[in-house]
Amino acid sequence: MKKNLFIMLAVLLAVTIASCKKSADAPADLQSVTEITDPAKKVYNYIIGLGFPAHTIVDQPGEYIVEGDIRFPKDMEVPTGATTEQYYTGSLVSAANVANLRLYVDASMTSMSSEISSAIAQWNAVASCNVNWVVVTSGTYDVLITNYNLGNGVCGQGTFPSGGRAGNLIRINKNYIAGNSFAQRARTICHELGHNVSLRHTNWSAIGESSATAVPGVGGTDASSLMNGGQCGSGATTLSTKDKNAIAALY
């Protein structure tokens, strides 16, 4: 009896150790999307799949914030079969929507109307590209730009597109960037507009992202890219040739 009990305990212990070992080795951040029904978890796995390290993902009510300036709503439509694509997200704004991107300027941002106009003008001026931003003051809009206290170190936040629509929100840390030059304030807005139509950070590798696939024909690093991340208040203030080529290739 004792011998049988000993054998049973030994088997139970072995199973327990194996189970614990498997749990320790399994990447907790990469649970299979197909087994998950929670929309927020699907979004989390989508972010991981894009190559963003888990430690850069901040869980906040209703959204995940990545690298300080990119937001993912927890109820966003996760692209089917999305790939780790600028360095773009694999999810594009539809042809019809991208040709008429209606930006609503919240009252909190009207003091930066000139900076917003400057940022929009850069994207709209790209040759052979269908991206067209327009400012609306009433009625239906696609993207809201608003002032938001993001703390020190973060100039703004953009939202990646989903379901064929541009990301619906841009937050600008207006008080924090108020002391920057006009060109740098406009640069912040221009950068976030880029995120809202799917562009990722051009310097993704240098800032710790694990993977990204270049826009076809427009790969490599680019010190002059306005879409470089981690350059709040100090980055390029005009779209580089590669920035323009990338957005034209996508749209």
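Rules used throughout
- Residues numbered from 1 in each chain as written.
- Predicted model: local features only at pLDDT ≥ 70, side-chain atom pairs only at ≥ 80, totals over all residues.
- Heavy atoms only, no water.
- Phe/Tyr/Trp six-rings, centres within 6.5 Å; stacked < 30°, edge-to-face > 60°.
- Helix = DSSP H or I, 4+ residues; strand = E, 2+ residues; numbered from the N terminus.
- Lys NZ or Arg CZ within 6 Å of the ring centre and 35° of its normal.
- Core = buried A, V, L, I, M, F, W, Y, C linked by side-chain atoms within 4.5 Å.
- Buried < 20%, exposed > 50% of the residue type's maximum accessible area, 1.4 Å probe, protein only.
- Contact = heavy atoms within 4.5 Å.
- pLDDT = per-residue confidence, 0-100.
- Disulfide = S-S within 2.5 Å.

Draft legend 1. Just the packing of aromatic side chains, in detail. Across all of its chains, the model carries 5 aromatic pairs by this definition. Both rings, one in Tyr 46 and one in Phe 72, keep their centres 6.2 Å apart while their planes meet at 80°; by these two values the pair is edge-to-face. Residue Tyr 46 is located in helix α2 (residues 39–49), and its partner Phe 72 is located in strand β3 (residues 70–73); the two are separated by 26 residues in the primary sequence. Ring geometry for Tyr 104 against Tyr 141: centres 5.2 Å apart, planes inclined by 25°, an arrangement best described as stacked. Of this pair, Tyr 104 sits in strand β4 (residues 101–105) while Tyr 141 sits in the loop between β5 (133–136) and β6 (143–147), placing them 37 residues apart in sequence. Directly above the ring of Tyr 148 sits Arg 171, whose terminal nitrogen or CZ lies 4.3 Å from the centroid. A cation over an aromatic ring shows up here: Arg 200 above the ring of Phe 52, its NZ or CZ 4.5 Å from the ring centre.

Draft legend 2. Molecular detail of the nonpolar core. Ranked by size, the top nonpolar core spans 37 residues in total, and within it Trp 123, Val 131, Trp 133, Ile 145, Leu 193, Ile 247 and Tyr 251 carry the most contacts. Those elements giving two or more residues to this core turn out to be β4, α4 (113–124), β6, β8 (169–172), α6 (182–196) and α7 (241–250). Ranked by residue count, the leading element in this core is α4, at 4 residues. Not counting residues up to four positions away in its chain, the partners in contact with Ile 247 are Trp 123, Val 126, Cys 129, Val 131, Val 197 and Leu 199. Membership of the second largest hydrophobic core comes to 15 residues, among which are Ala 40, Tyr 46, Leu 50 and Phe 52.

Draft legend 3. View of the confidence of the model for the protein. Averaged over every residue, the pLDDT of the protein is 84; residues scoring 70 or more account for 82%. For residues 2–36, every residue scores under 50 in pLDDT, and the model assigns this stretch 15 contacts once sequence neighbours within four places are set aside. Predicted confidence for residues 82–86 stays below pLDDT 50, and this span has 25 contacts to residues more than four positions away or in other chains.

Draft legend 4. Molecular detail of the state of the cysteines. One pass over the structure, following the stated rule, counts 1 disulfide. Paired by a disulfide, Cys 155 and Cys 232 hold their sulfur atoms 1.7 Å apart. Between Cys 155 and Cys 232, the S-S dihedral sits near 75°, and the bridge is therefore right-handed. Remark: Cys 232 occurs in the loop between α6 and α7 and Cys 155 occurs in the loop between β6 and β7 (156–159); sequence separation between them is 77 residues. Overall, Cys 232 belongs to the partly exposed group, its relative accessible area being 32%.

Draft legend 5. Inspection of the side chain of Lys 74 at higher detail. Structurally, the position occupied by Lys 74 is in the loop between β3 and α3 (95–98). Look at Lys 74 and you get buried, because its relative accessible area is 18%. With residues up to four places along the chain from it excluded, the contact list for Lys 74 reads Pro 39, Ala 40, Val 43, Asp 59, Gln 60, Gly 62, Glu 63 and Tyr 64.

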